[in-house]
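# Fold and geometry: a report
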Amino acid sequence: MKVRIPTPLYSYTKSRAVVEATGATLEDVTRDLDRQFPGIRFRMIDEQDRVRYFMKIFVNGAQVLDLKTPVREGDDVFIIQALSGG
């Protein structure tokens, strides 16, 4: 499936905005991303296997918080990193 990567994580994907990943659940997808792009999962998922508070993950336009959420081939996964500052 296609996974859209936020700009702050381009350094992991060699500046690729869209990458391919596989898996039956969102957790599988994030682990596949980490296999392909070592270190990227830690930037998105914390030590308790929760999506980090400054990251948002959407599957087919719906925000997903549970990494056990099933995904299918053809789904679109968007990873968005919140910006802060003032």
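Above this note sits the structure.
Each chain carries its own residue numbering, running from 1 in the direction its sequence is written. The model is predicted, so local features are restricted to residues of pLDDT at least 70 and side-chain atom pairs to those at 80 or more, both for listing and for counting; the totals for chains, interfaces and linings are taken over all residues. Working from all heavy atoms in the structure, the side-chain values ignore hydrogens and water.

A separate point is the sheet that holds strand β5 (residues 76–81). Taken together, five strands build an open sheet; the order of strands is β2-β1-β5-β3-β4 and the sheet is mixed. With one partner strand each, in any of the chains shown, β2 (18–20) and β4 (62–64) form the two edges of the open sheet. Across this sheet, the average inter-strand angle for adjacent strands is 30°, counted without regard to direction. Pairs of strands are assigned from DSSP output, requiring at least two bridges between the strands. Runs of E in the DSSP output that reach at least two residues are strands. Runs of H or I that reach at least four are helices, and both are numbered from the N terminus. As paired elements, strand β1 (residues 2–4) and β5 share three bridges and run parallel to each other. In the strand pairing of β5, lysine 2 is matched with aspartate 76. Every axis corresponds to a line fitted to the C-alpha atoms, with the helix fit spanning only the stretch in contact, and the corresponding angles, defined between N-to-C directions, vary from 0 to 180 degrees.

Put simply, a salt bridge is a Lys or Arg side-chain nitrogen that is within 4 Å of an Asp or Glu carboxyl oxygen. If you walk through the whole model with that rule in mind, you get seven salt bridges. A salt bridge links aspartate 49 to arginine 31, with the nearest nitrogen and oxygen atoms 3.9 Å apart. Of this pair, aspartate 49 sits in the loop between α2 (40–44) and β3 (55–59) while arginine 31 sits in helix α1 (residues 26–36), placing them 18 residues apart in sequence. Residue burial is assigned from relative accessible area. The probe radius is 1.4 Å, only protein chains are included, and a residue is buried under 20% of its type maximum, exposed over 50%, and partly exposed in between. Residue classification places aspartate 49 among the partly exposed residues on the basis of a relative accessible area of 35%. Close ionic contact of aspartate 32 with arginine 35 constitutes a salt bridge, the shortest N to O distance being 2.7 Å. Taken as a pair, aspartate 32 and arginine 35 lie in helix α1 at a separation of three residues, close to a single helical turn. Judged by relative accessible area, which is 60%, arginine 35 ranks as exposed. What emerges from the salt-bridge pattern is a single network uniting Glu27, Arg31, Arg41, Asp49 and Lys68.

This paragraph deals with the packing of aromatic side chains. Note on aromatic pairs: the rings of Phe, Tyr and Trp (six-membered ring only in Trp) are paired at centre separations within 6.5 Å, and the planes decide the class, stacked below 30 degrees, edge-to-face beyond 60, tilted for the rest. On inspection of all chains with the given rule, the structure shows one aromatic pair. Taking the centre distance of 5.2 Å and the plane angle of 85° together, the rings of tyrosine 53 and phenylalanine 54 count as edge-to-face. Just above the ring of phenylalanine 42 sits the side chain of arginine 52; from NZ or CZ to the centre is 4.4 Å. Ring-over charges, as used throughout, are those where CZ of Arg or NZ of Lys falls within 6 Å of the ring centre and within 35 degrees of the ring normal.

Only one face of β5 is covered, namely the face carrying Val77, Ile79 and Gln81; the face carrying Asp76, Phe78 and Ile80 is uncovered. Where β3 and β5 come together, five bridges link them in antiparallel fashion. From the neighbouring strand, methionine 55 faces β5, where its bridge partner is glutamine 81.

The residue lysine 14 is not glycine, and still its phi comes out positive at about 55°. You can see lysine 14 is positioned in the loop between β1 and β2. We note that aspartate 49 has phi near 60°; this positive angle belongs to a residue other than glycine.

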